[in-house]
Amino acid sequence: MIWNFTKMHGAGNDFVVLDGVRQSIELTPVRARALADRHFGVGADQILLVENPLHPDADFRYRIFNADGGEVEHCGNGARCFVRFVHEQGLSRRNPLRAEISTGLIVLHEADDGQVSADMGRTAFTPPDLAFDPAGLDTRGCSEDTLYRLDLPPEAGEVWCSLVAISNPHAVVQVDDVDTHPVARQGPAIESHPRFAQRVNAGFMQVIDRRHIRLRVYERGAGETLACGTGACAAAVAGIRRGLLDSPVRVDTRGGALQIDWDGQVLRMQGPATTVFHGQIDIDALTATL
Ligand SMILES: N[C@H](CCC[C@H](N)C(=O)O)C(=O)O
């Protein structure tokens with residue numbers, strides 16, 4: 001079966017985007033993994049699937065599959081690419097656009113200057129919101145936030161992390177210097193820590209000033225990415241709750257800059273969305289090779 005696809009990225013976080021409205025797309029974990037494979041497939045951090053909505057108030061349904069094949073709740077950089085794709089492909093001219101994700105609706109708007117803004121939906125902070133087991137852990141109150149001391153394997157040490165759900169789960173660690181911090185060791189140890197029953201995205205945040213951070217994210221199901229939109233939201237919100245940051249926050253990632261606004265209720269992200277190329281792939285031939 002031949003699928004048309006579009007390769008896109010948001011601040012270097014890259015995606016294979018599939019039109020499931022005009023094509024019959026059944027995306028399985030095996031197929032998502034094959035498409036995301038950087039040697040035998042197209043290569044991507046996540047696969048994004050555009051479908052007709054189930055929710056009566058939504059324009060489209062927006063589904064996200066990590067490079068490891070797992071379907072997840074949200075993807076911020078992907079949401080900006082999603083609305084750019086819908087407009088470029090002529091699927092809709094609505095702007096703003098309402099996209100249905102697993103936890104409800106998000107509102108996306110493409111500005112004339114090419115920047116895309118996204119109302120990122122709900123935030124949550126309790127252990128159950130992240131399928132996290134805090135039993136017996138040391139905690140530290142930090143203004144509105146609670147920090148949990150997470151024991152990692154000996155070579156990775158220990159971290160104090162904030163819990164933030166942007167529909168998907170994030171553990172945010174404040175570090176002195178994102179360039180020298182051992183993200184390659186601590187990222188995987190946090191991502192698959194047994195206390196996170198559904199695993200977690202691990203964010204490492206360096207505070208530059210009250211309106212500016214640098215961020216690296218070791219993503220659940222994808223590894224370290226050049227940028228993570230929900231991770232940028234989680235880090236900014238954690239920093240504001242800890243009294244370290246004021247909204248709006250500029251988040252510098254290795255792939256580009258994002259702006260996050262949060263007033264305690266509405267969470268808004270603004271950033272770029274780029275179309276790289278269009279292609280076709282025989283999905284059955286691809287999965288047969290893996
Ligand atoms: N890169 C994405 C995050 C994908 C989420 C995925 N890594 C997960 O939650 O498992 C973003 O821009 O928000």
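Here the structure is a predicted model, which is why all the values come from computation and not from measurement. (Residues numbered from 1 in each chain as written. Predicted model: local features only at pLDDT ≥ 70, side-chain atom pairs only at ≥ 80, totals over all residues. Heavy atoms only, no water.)

Overview of the pairing of strand β9 (residues 139–142)
Here comes step 1: Of the strand pairs in this sheet, β9 and strand β10 (residues 145–151) are connected by four bridges, and their pairing is antiparallel. By the bridge assignment, C142 is partnered in β10 with D145.
Here comes step 2: Between β9 and β10, which pair antiparallel one after the other, the connecting turn spans two residues, and S143 there sits at a positive phi close to 55°. (Pairing = 2+ DSSP bridges. Helix = DSSP H or I, 4+ residues; strand = E, 2+ residues; numbered from the N terminus.)

Observations regarding the site of the ligand
Here comes step 1: Near the ligand, the surroundings consist of 15 residues, among which N13, E219, R220, G229 and T230 are the closest.
Here comes step 2: With respect to the ligand, the side chain of N201 contributes an N or O atom lying 2.9 Å from an oxygen atom.
Here comes step 3: In the environment of the ligand, an oxygen atom lies 2.6 Å from a nitrogen or oxygen atom belonging to the side chain of R220.
Here comes step 4: When the free accessible area of the ligand is taken as 360 Å², the share hidden by the protein chains comes to 100%.
Here comes step 5: In a pocket analysis with a 2 Å cut-off to the grid points, the ligand is assigned to the largest cavity.
Here comes step 6: Of all elements in the fold, only α2 (76–88) and α4 (229–241) reach the threshold of two or more residues within the shell around the ligand.
Here comes step 7: Class assignment of the residues belonging to the shell around the ligand gives a composition of three nonpolar, 10 polar and two charged.
Here comes step 8: There are two domains that each give the shell around the ligand at least three residues, and those are domain 1 (2–115 + 273–288) and domain 2 (127–269). (Near = heavy atom within 4 Å. Polar contact = N/O pair within 3.5 Å; in protein donor to acceptor, adjacent residues only side chain to side chain. Areas by Shrake-Rupley, 256 points an atom, 1.4 Å probe, with all protein chains shown as cover. 1 Å grid on protein atoms, 1.4 Å probe; cavity = no way out; pocket = protein on both sides within 12 Å on 5 of 7 lines; lining within 4 Å. Sits in = over half its atoms within 2 Å of the grid points. Nonpolar A, V, L, I, M, F, W, Y, C, P; charged D, E, K, R; others polar. Domains from an automatic or database assignment.)

Here we look at the domain arrangement of the protein
Here comes step 1: Here the protein is described as being made up of domain 1 (2–115 + 273–288) and domain 2 (127–269).
Here comes step 2: Measuring from the centre of the C-alpha atoms in domain 1 to the corresponding centre in domain 2 gives 25 Å.
Here comes step 3: Opposite the 18 residues of domain 1 that make contact, domain 2 presents 21 residues.
Here comes step 4: In total, domain 1 and domain 2 occlude about 1,300 Å² of area from one another, counting both sides; carbon and sulfur atoms represent 47% of this.
Here comes step 5: It is A11, E73 and H74 in domain 1 that bury the most area against domain 2; as a group they hold 34% of the surface buried on that side. (Contact = heavy atoms within 4.5 Å. Buried area = accessible area lost by both parts, 1.4 Å probe.)

A look at the side chain of S117
Here comes step 1: For S117, the location among the structural elements is in strand β8 (residues 116–119).
Here comes step 2: Relative accessible area serves as the criterion here: at 18%, S117 is assigned to the buried category. (Buried < 20%, exposed > 50% of the residue type's maximum accessible area, 1.4 Å probe, protein only.)

Brief notes about the side chain of N66
Here comes step 1: Tracing the backbone through its elements, the reader meets N66 in strand β4 (residues 60–66).
Here comes step 2: For N66, a relative accessible area of 4% gives the class buried.
Here comes step 3: Here the side chain of N66 touches Q46 through a polar contact of 3.0 Å, side chain to side chain.

Some details on the nonpolar core
Here comes step 1: The biggest cluster of nonpolar side chains holds 52 residues, and the ones touching the most others in it are V50, Y62, F82, L108, I260 and L267.
Here comes step 2: Element by element, the count of residues in this core is highest for α4, at eight residues.
Here comes step 3: Two domains each put at least three residues into this core: domain 1 (2–115 + 273–288) and domain 2 (127–269).
Here comes step 4: The contacts of I260, once residues within four sequence positions are left out, are A232, C233, A236, S247, P248, V249, V251, L267, R268 and M269.
Here comes step 5: L152, L163, V173 and Y218 belong to the second-largest nonpolar core, a separate cluster that totals 24 residues. (Core = buried A, V, L, I, M, F, W, Y, C linked by side-chain atoms within 4.5 Å.)

A closer look at unusual backbone geometry
Here comes step 1: With an omega dihedral of 10°, the bond running from N95 to P96 counts as a cis peptide bond.
Here comes step 2: Counting through the fold element by element, P96 comes out in the loop between α2 and β6 (97–101).
Here comes step 3: Put simply, S247 and P248 share a cis peptide bond, and its omega is 0°.
Here comes step 4: Mapped onto the elements, P248 comes out in the loop between α4 and β16 (249–253).
Here comes step 5: Look at A131: it is not a glycine, yet its phi comes out positive at around 50°.
Here comes step 6: The phi torsion at S167 lies on the positive side, around 70°, for a residue other than glycine.
Here comes step 7: In this fold, S167 is placed in the loop between β11 (158–166) and β12 (168–174).

Description of the UniProt feature "active site" (unreviewed entry) in the protein
Here comes step 1: UniProt feature "active site" (unreviewed entry): in the numbering of this structure it lies at C75 and C228. A maximum C-alpha distance of 7.8 Å places the annotated residues, which cover 154 residues in sequence, within one compact spot. Lining the largest cavity, out of the annotated residues just given, are C75 and C228.
Here comes step 2: On the basis of relative accessible area, C75 is assigned to the buried category, the value being 6%. (UniProt positions renumbered as here; feature names shortened; annotations may be inferred.)

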